[in-house]
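Structural overview
One-letter residues, chain by chain:
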Amino acid sequence: MDDDTLAFTPAVDLAEMVRRKEVSPVEVTAAVLRRIERLNPRVNAFAHLAADRAMAAARRAEAALMRGGPIGRLLGVPATIKDLVITKDMPTQMGSHAFAGHQPSEDSPVVSRLEEAGAILLGTTTTSAFGWTGVSHSPLTGITHSPWKHGYNAGASSAGAGAAAAAGFGQLHQGSDGAGSIRMPSHFCGVFGLKPSFGRVPYYPVGSGDYTSHIGPMTRTVADAALMLEVMAGPHPLDHTTSEAGPADYLRRLDEGIRGKRIAWSPDLGHARVDPEVARLVATAAARFTELGATVEEAETPWAAEGPEMIRFFWAAHMTRYEPHLARWEARMDPGLVACIEAAQDYRVSEYQAMRDRKMAYIAAMQRWFEDWDLLLTPAVSVAAFPAERLMPEDWPQHDWDWLCWAEFSYPFNLSWNPAASVPCGFTAAGLPVGLQIVGRRFDDLGVLQAAAAFEAIAPWAGKRPPLE
C-alpha cells in the first residue's frame, strides 16, 4: 500500500490489518510521518511533532505483535494529542509563549489510555492560546490552515486536530471542547467530531471553567470515533467529575439505526444569524433523516434565548484565570484574549452567582425540552471558513474579542453537558466544508453516534480529500 492509502485507511480497518499482520506498525507510522513531512508545512497542524518517539513506539508495537501475546485495540494506529492535554514525554505549551517548552511530569489519563491500547502518538496538535478562541491561530504557533483553503480558519482550539484529521496526518485525533472546539474545527475541516456527555472521558487536570470542557474524538469516520471513545471513556480517580459508568459498546451497536426516533430541527435556535449557503446545506441534510425512518419536525427552542448573554458573561469571567500572565506576557499574548480578560475585571462575585443561578434554570429547561425529543439537529457553525487572521468574518459585526456570534450553536451543550457531534453535510460553492450538528439527550452518546453513522451511510464524506498536493 502506498503512503497516502495507509494514511487514509480508517483506524477500524487499519487495526484489523495490523492484527492480521497484513501491514506493520512501523510501515504505517513511517508512511504517515512521510506525509506529514511533505504536507504539514502547508497546514501547520502540529505544535510538536515527535517523529523519533513515534517510530520507537511503532517498533515496540511490532515486536509485541510478533511475540504473539495480547495486543491492544489500537495497536499500530497513529494518533495525536491536543496541546492543552498534558503529556510527560512531549511539551504541553497551550498555544502560549507563557508555556513555551513547558514539560509536564505526567500524562493525562486519555494519553495513557490511548498508549496502553497500542496507539502510536505522533505529537501534539496546535491550539489557540489557552484554547480561548474559535479561530485557528496562536501567538506561539501561528496560523493553522484549513486543508481545504490555505490561509483560512481551521476552527477553534482543536484546529490542529481537525486539520490533521482532514489532511491524513493520522487516524485518531484527541480534541477538547469548552464552547465548540471539537465541533467547530470538524465543521471547518470536513471531519467528524463528537463532544461526549460531560464526565464520559476524564479530563485532568480538572479545569476551573465551571465544568464546561469535554474531551472527545475527531476522526474521518464515525466508526473510528466510536472506537476511540471506547478506549478513552470511563471513570478515573484524578477527575472527580467523571461518570461512574464505563463506555457503552459504541462500535458494535453503531449500525442499529434511528428508525422511529423523534428528531427536532432548529435552523437558528430562535436567535442565531446563519449564512444563507450554510443554512441551505444544513436544512437539506436535516431533511434526509426522514429517509432513515426518523420523524423530523422543525421545533421551537424557547430555552435558547438566554444563551447569548450567559455565554458572553461566563466566557470573559473564566478567561480571567489567565490574568496573572498579563504582567509578563501581555505584549506576546493574543490581543483578543487580553481584551476578553479585561472585559471581566469589574465583575462582582454576586453577579457571577446570579448568572450561575440563571444557568442552572437554563439547563433544566433544556433537559425538560429533551423529554419530547430524542435528538436535535442544528447547524454546527453559522459560517464556512473565513481568513484565519480575522476574529470575525468580514461581513459580520466586528468586536475586539466576541467571536461567539458566529458560533451560537455550540456552547449551549457545554453548559448542559449533552452529547453533540458535527457531521460533514456538504460544501459551499467555494469548496469549503459545512457541518450539521446532532445533539442527544444527556448520556445518550450512543444515540448521537448511531444517528451520525446512519447519516454517514446515505451521505458518505470520508472519501473526500482536501486539495493539498
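Residues numbered from 1 in each chain as written. Predicted model: local features only at pLDDT ≥ 70, side-chain atom pairs only at ≥ 80, totals over all residues. Heavy atoms only, no water.

Attention shifts here to the overall build of the protein. On a plain count of helices and strands, the protein comes out with 15 helices and 15 strands. The C-alpha radius of gyration computed for the protein amounts to 21 Å, which stays within 12% of the reference 23 Å derived for 469 residues, consistent with globular compactness. Counting every position in the protein, which comprises 469 residues, the buried fraction comes to 62%. Pairs at least 24 residues apart make up 76% of the contacts formed inside the protein by residues separated by at least 6 positions. (Helix = DSSP H or I, 4+ residues; strand = E, 2+ residues; numbered from the N terminus. Rg over C-alpha atoms; globule rule 2.2 N^0.38 Å. Buried < 20%, exposed > 50% of the residue type's maximum accessible area, 1.4 Å probe, protein only. Contact = heavy atoms within 4.5 Å.)

What follows is about unusual backbone geometry. It is generally the case that most residues other than glycine have a negative phi and that most peptide bonds are trans. Between Tyr204 and the following residue, Pro205, the backbone shows a cis peptide bond with an omega angle of 0°. Tracing the backbone shows Pro205 in the loop between strand S9 (192-195) and strand S10 (214-219). Residue Asp210 is not a glycine yet carries a positive backbone phi of 60°. Tracing the chain through its elements places Asp210 in the loop between S9 and S10. A positive phi angle is found at Trp417, which is not glycine, with a value near 75°. Secondary-structure assignment places Trp417 in the loop between helix H14 (412-416) and strand S14 (420-427).

As a further point, take the packing of helix H10 (residues 307-319) against helix H13 (residues 349-369). As a packed pair, H10 and H13 sit with axes 11 Å apart at the nearest point and diverge in direction by 135°. Comparing the axis directions of H10 and H13 gives the class oblique. At the point where H10 passes H13, the crossing takes the left-handed sense. Only Glu351, Tyr352, Met355, Arg356, Arg358, Lys359 and Tyr362 of H13 make contact with H10, whose side of the interface consists of Gly307, Glu309, Met310, Phe313, Phe314, Ala317 and His318. For the contact of H10 with H13, the residue count by class is seven nonpolar, two polar and five charged. (Axes fitted to C-alpha atoms, helices over the stretch in contact; angles between N-to-C directions. Parallel < 35°, antiparallel > 145°, perpendicular 65-115°, else oblique. Left-handed = near helix turned anticlockwise from the far one by under 90°. Nonpolar A, V, L, I, M, F, W, Y, C, P; charged D, E, K, R; others polar.)

A few words now on a negative patch on the surface. On the surface, a cluster of negative charge is contributed by Glu323, Glu330, Glu342 and Asp400. Checked against the element boundaries, Glu342 lands in helix H12 (residues 335-343). Residue class for Glu342 comes out partly exposed when judged on its relative accessible area of 42%. (Patch = residues over 30% accessible without salt bridge, like charges linked within 9 Å, V, L, I, M, F, W, Y side chains within 5 Å. Areas by Shrake-Rupley, 256 points an atom, 1.4 Å probe, with all protein chains shown as cover. Salt bridge = Lys/Arg side-chain N within 4 Å of Asp/Glu carboxyl O. Lys, Arg positive; Asp, Glu negative; His and termini not counted. Charge placed at Lys NZ, Arg CZ, Asp CG, Glu CD.)

Let us look at the side chain of Ser382. Along the chain, Ser382 falls in the loop between strand S13 (375-379) and H14. On the accessibility criterion, Ser382 (0% relative accessible area) is buried. Leave out the neighbours within four places in its chain, and Ser382 touches Arg273, Val274, Asp275, Val278, Trp396, Trp406 and Phe409.

Within the secondary structure, Ser158 is located in the loop between strand S7 (149-153) and helix H6 (159-167). Taking relative accessible area as the criterion, Ser158 reaches 0% and is therefore assigned buried. Among the polar contacts made by the side chain of Ser158, one reaches the main-chain carbonyl oxygen of Ser176 at a distance of 3.0 Å. A polar side-chain atom of Ser158 sits 2.8 Å from the main-chain carbonyl oxygen of Ser181. Those residues in contact with Ser158 that sit more than four places away from it in its chain are Lys82, Thr126, Gly175, Ser176, Ser181, Ile182, Pro185 and Met218. (Polar contact = N/O pair within 3.5 Å; in protein donor to acceptor, adjacent residues only side chain to side chain.)

This part is about helix H2 (residues 11-19). Buried residues of H2: Ala11, Leu14, Ala15, Met17 and Val18, and no others. End-on, the buried residues of H2 take up no more than an arc of 160°, which puts them together on one face. Residues of H2 that are buried sit in contact with helix H1 (3-8), helix H3 (25-43), helix H4 (51-67), strand S2 (78-82), strand S8 (172-177) and helix H8 (222-232). Within two residues after H2, Lys21 carries a phi angle of roughly 60°, on the positive side. (Arc of directions from axis to C-beta.)

Attention shifts here to the sheet that holds strand S15 (residues 433-440). Across the sheet, which stays open at both edges, the eleven strands sit in the order S1-S3-S2-S8-S10-S9-S14-S15-S13-S11-S12 with mixed pairing between neighbours. In this open sheet, the two edge strands, each paired with only one partner strand, are strand S1 (46-49) and strand S12 (295-298). Strand after strand, the sheet turns through a mean of 25° between neighbouring axes, direction not considered. Here four bridges tie S2 to strand S3 (residues 120-125), and the two strands are oriented parallel to one another. By the bridge assignment, Ala79 is partnered in S3 with Leu121. In this fold H3 packs onto S1, S2 and S3, with an angle of close to 20° to the strand it touches most, S3. The strands touched by H4 are S1 and S3; relative to S3, the strand with the most contacts, the crossing angle is about 160°. (Pairing = 2+ DSSP bridges.)

Turning next to the packing of aromatic side chains. To describe a pair of aromatic rings, one takes the distance between the centres and the angle between the planes. In the structure shown here, the tally under the stated rule is 21 aromatic pairs. Aromatic pair Phe188 and Trp406: ring centres 5.9 Å apart, planes at 65°, arrangement edge-to-face. Placement of Phe188 in helix H7 (residues 183-189) and of Trp406 in the loop between S13 and H14 is noted, with a sequence separation of 218 residues between them. Trp406 carries the same exposure label as Phe188, and that label is buried. (Phe/Tyr/Trp six-rings, centres within 6.5 Å; stacked < 30°, edge-to-face > 60°.)

Let's shift gears to the packing of helix H5 (residues 109-116) against H8. Two elements in contact, H5 and H8, have axes separated by 8 Å at closest approach and are oriented at 115°. As the angle between them shows, H5 and H8 are arranged roughly perpendicular. Once H5 is placed against H8, the crossing between them reads as right-handed. Packed against H5, whose contacting residues are Val110, Arg113 and Leu114, the element H8 presents Met228, Val231 and Met232 at the interface. Split by residue class, the contact of H5 with H8 holds five nonpolar, no polar and one charged.

The subject of this paragraph is the pairing of S15. The buried fraction of S15 amounts to eight of the eight residues, a majority that puts the element mostly inside the structure. Residues Pro433, Gly435, Gln437 and Val439 point to one face of S15 and Val434, Leu436, Ile438 and Gly440 to the other, with burial holding for every one of them. Relative to S15, S13 runs antiparallel, the two being bridged by five bridges. Looking across to S15, one finds that Leu377 is bridged to Ile438. Both S14 and S15 contribute to a ladder of seven bridges, which runs antiparallel. The partner of Ser422 across the bridge, within S15, is Gln437.

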